[in-house]
Amino acid sequence: MAVTELDDKTALVLIDLQAGTLAAPTTPYPAADVVARAAALADGFRAAGAPVILVRMATSPDGADAVPGRSEAARLAGGRSRPYDLGPIAEPLTGHDGDLHVTKRNWGAFLGTDLDLQLRRRGITQIVLGGIATSLGVESTARAAHEHGYHVTFAVDAMTDIDEDAHRHSVSYLFPLIGEPGTTEEILALLKG
């Protein structure tokens with residue numbers, strides 16, 4: 001597992017590093033470690049003049065834009081049409097002029113947002129992904145990024161999940177099929193080089 005290169009036009013996309021996801025028990029990495037690595041990546045990208053995109057999950061106050069459809073999870077939770085907000089982005093990542101903010105209503109950050117538009121207007125050809133949860137928001141965003149034609153790199157130690165098997169499956173099986181998994185240290189080294 002190693003990242004081979006970063007395009008000249010690469011952006012960092014961080015998924016759901018919000019109070020609600022940070023409060024959940026995560027594995028294999030504690031959420032605080034993921035936030036620290038994500039902040040190191042964001043600092044590196046900012047220093048290189050590369051875009052940092054912070055993606056958050058929230059619906060409108062009336063829940064009308066929540067994802068419809070039947071699922072076992074929604075049924076057990078009493079339906080999914082109610083308002084849903086994972087809260088504010090983690091403090092070390094906020095307050096930086098120039099960062100882009102995307103609010104999503106689905107697991108993935110492309111559908112129903114302006115993420116693709118923002119990337120294309122900046123000439124971005126590659127994204128580096130991190131966040132919580134690996135098998136949900138990160139994987140859904142990665143699949144869409146791949147389908148949109150972006151090169152995808154995964155900062156595998158800057159993401160974690162609520163289920164270790166799900167994390168391992170994404171990192172070991174799916175991610176190598178659609179991109180290059182690597183560590184925060186490897187990505188920062190390429191960014192500087």
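The paragraphs below set out a description of the structure included in this document. (Residues numbered from 1 in each chain as written. Predicted model: local features only at pLDDT ≥ 70, side-chain atom pairs only at ≥ 80, totals over all residues. Heavy atoms only, no water.)

### Some words on the overall build of the protein
Secondary structure assignment for the protein yields seven helices and six strands. Along the protein, helices (α) and strands (β) appear in the sequence β-α-α-β-α-β-α-β-α-β-α-β-α when read from the amino end. Here the C-alpha radius of gyration of the protein, 16 Å, is about what a compact globule of 193 residues would show, namely 16 Å. Principal-axis analysis of the C-alpha atoms places the extent of the protein at approximately 50 × 35 × 30 Å. Contacts in the protein between residues far apart in sequence, at least 24 positions, make up 82% of those at least 6 positions apart. Carbon and sulfur atoms make up 54% of the accessible area of the protein, which amounts to about 9,300 Å² in all. (Helix = DSSP H or I, 4+ residues; strand = E, 2+ residues; numbered from the N terminus. Rg over C-alpha atoms; globule rule 2.2 N^0.38 Å. Contact = heavy atoms within 4.5 Å. Areas by Shrake-Rupley, 256 points an atom, 1.4 Å probe, with all protein chains shown as cover.)

### Things to note about helix H6 (residues 164-178)
Owing to its 3.6 residues per turn, the α-helix brings residues three or four apart onto one side. For H6, with 15 residues, the first-to-last C-alpha span of 20 Å sits near the 21 Å given by 1.5 Å per residue. Where H6 bends most, the angle comes to about 35°, and this point is Ser170. When H6 is considered as a whole, its buried residues turn out to be His167, Ser170, Val171, Leu174, Phe175 and Ile178. Where the residues of H6 are buried, they touch helix H5 (134-147), strand S5 (151-160) and strand S6 (180-182). Among the residues of H6, the N-terminal cap falls to Asp163, whose side-chain oxygen and the backbone nitrogen of Asp165 are separated by 3.0 Å. (Expected span 1.5 Å × (residues − 1). Bend = angle between axes of the 7 residues up to and from the residue. Buried < 20%, exposed > 50% of the residue type's maximum accessible area, 1.4 Å probe, protein only. Polar contact = N/O pair within 3.5 Å; in protein donor to acceptor, adjacent residues only side chain to side chain.)

Taken by themselves, the reported measurements are silent on function.
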